[in-house]
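Descriptive structure summary
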Amino acid sequence: MKDELKKKDEQKLEEMQQEINAADSDEADEAEAASESAETEAENKDSQDEAAAQIEKLTAELKEKEDRVLRLQADFENFRRRTSKEKEELSAVVTQGMLKDMLPLLDNFERAMAAEAKDGEAFQKGVEMIFTQFTEILKKNGLEHIEVEGQKFDPNFHQAVMRVQNADMEDDDIAQELQKGYMVKGRVIRPSMVQVVAN
């Protein structure tokens, strides 16, 4: 009987020990779970803080770029206005210069009209002088006559208004200039009207 009691006591002791071990294991599991939960919360908080910092950084960069775009737009608008104003001023200076060059021509026309019409030869000579003076003023301002004599037809400089046959000339030679053409500093402002040979 003593042995039975001893066995029962040992069995009970063993059961109690198992319960204690199980309770310790549960406590350890709970502590580990609590620790993992705390770590997860800390990680979540860290990632939220990182995300908030990243959003703040990106927002600041976006604002800076928007400000830069606005400044560039304002600079471009100022540049456009300044360029337009400079063009107007330059155009006015060029016009004034050309008109100033033409004033002596105007004076000579007035003198010619004031002269008595008795001497036709003197009048013609005066008109020729005015024409020469006018031509010089135009040349000074960049006007050039487009040469056609002995040239082949070139649609960049000539406008063909007639085709003629001429056995003495080759095809596409210019037979005659009907109206003079002009260019200013290499740019055609009026092409020469010409007759072109087409045999």
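A short note on the overall build of the chain
Per the secondary structure count, the chain includes two helices and six strands. For 199 residues, the compact-globule estimate of 2.2 N^0.38 gives 16 Å, and the C-alpha radius of gyration of the chain, at 52 Å, exceeds that figure by more than 25%. C-alpha atoms of the chain, sized along the principal axes, occupy 175 × 50 × 20 Å. Looking at the 199 residues of the chain, the share that counts as buried comes to 10%. Looking at the chain as shown, the accessible area adds up to about 16900 Å², and 54% of this sits on carbon and sulfur atoms. In the chain, the 28 positive side-chain charges and the 48 negative ones have mean positions that sit 11 Å from each other.

Focus: the pattern of salt bridges
Under the defined criterion, the tally for this structure stands at five salt bridges. The residue Glu77 makes a salt bridge to Arg80 at a minimum N-O spacing of 2.5 Å. Placement of the pair is Glu77 and Arg80 together in helix α1 (residues 2–114), with a separation of three residues, close to one helical turn. Ionic pairing is found between Lys140 and Asp101, a salt bridge with its closest N-O pair at 3.2 Å. Residue Lys140 is located in helix α2 (residues 120–140), and its partner Asp101 is located in helix α1; the two are separated by 39 residues in the primary sequence. The exposure class assigned to Lys140 is exposed, which follows from its relative accessible area of 61%. Each of the salt bridges in this network shares a partner with another, and the network as a whole consists of Lys152, Glu170 and Asp173.

Some words on the sheet that holds strand β2 (residues 158–164)
The strand order β2-β6-β3 describes an open sheet built from three strands, whose pairing is mixed. The open sheet has two edge strands with one neighbour each: β2 and β3 (174–179). Between one strand and the next, the sheet's axes are offset by a mean angle of 30°, whatever the strand orientation. Pairing analysis gives four bridges linking β3 to strand β6 (residues 192–197), with the strands arranged antiparallel. Bridging from a neighbouring strand, Glu177 pairs with Val194 of β6.

Some points on α2
If you check α2, its first and last C-alpha atoms are 30 Å apart, about what 21 residues at 1.5 Å a residue would give, namely 30 Å. What α2 keeps buried is the set Ile130, Ile137 and Leu138. Across the axial projection of α2, the buried residues extend over an arc of 95°, all falling on one side. What points out from α2, more than 90 degrees from its buried face, is the exposed set Glu121, Lys125, Met129, Lys139 and Lys140. Gly142 sits one or two positions beyond α2 and adopts a positive phi of about 100°.

Regarding the side chain of His158
In this fold, His158 is placed in strand β2. Beyond its immediate stretch of four places on either side in the chain, His158 contacts Ile146, Glu147, Val148, Lys152, Phe153, Ile174, Pro191, Ser192 and Val194.

Remarks on a nonpolar patch on the surface
Judged by side-chain polarity, Val161, Met162 and Leu178 come together as a nonpolar surface patch covering roughly 230 Å² of accessible area. Here Leu178 shows up in strand β3. Since its relative accessible area comes to 40%, Leu178 is described here as partly exposed.

Conventions and cut-offs
- Residues numbered from 1 in each chain as written.
- Predicted model: local features only at pLDDT ≥ 70, side-chain atom pairs only at ≥ 80, totals over all residues.
- Heavy atoms only, no water.
- Helix = DSSP H or I, 4+ residues; strand = E, 2+ residues; numbered from the N terminus.
- Rg over C-alpha atoms; globule rule 2.2 N^0.38 Å.
- Buried < 20%, exposed > 50% of the residue type's maximum accessible area, 1.4 Å probe, protein only.
- Areas by Shrake-Rupley, 256 points an atom, 1.4 Å probe, with all protein chains shown as cover.
- Lys, Arg positive; Asp, Glu negative; His and termini not counted.
- Charge placed at Lys NZ, Arg CZ, Asp CG, Glu CD.
- Salt bridge = Lys/Arg side-chain N within 4 Å of Asp/Glu carboxyl O.
- Pairing = 2+ DSSP bridges.
- Axes fitted to C-alpha atoms, helices over the stretch in contact; angles between N-to-C directions.
- Expected span 1.5 Å × (residues − 1).
- Arc of directions from axis to C-beta.
- Contact = heavy atoms within 4.5 Å.
- Patch = residues over 30% accessible without salt bridge, like charges linked within 9 Å, V, L, I, M, F, W, Y side chains within 5 Å.

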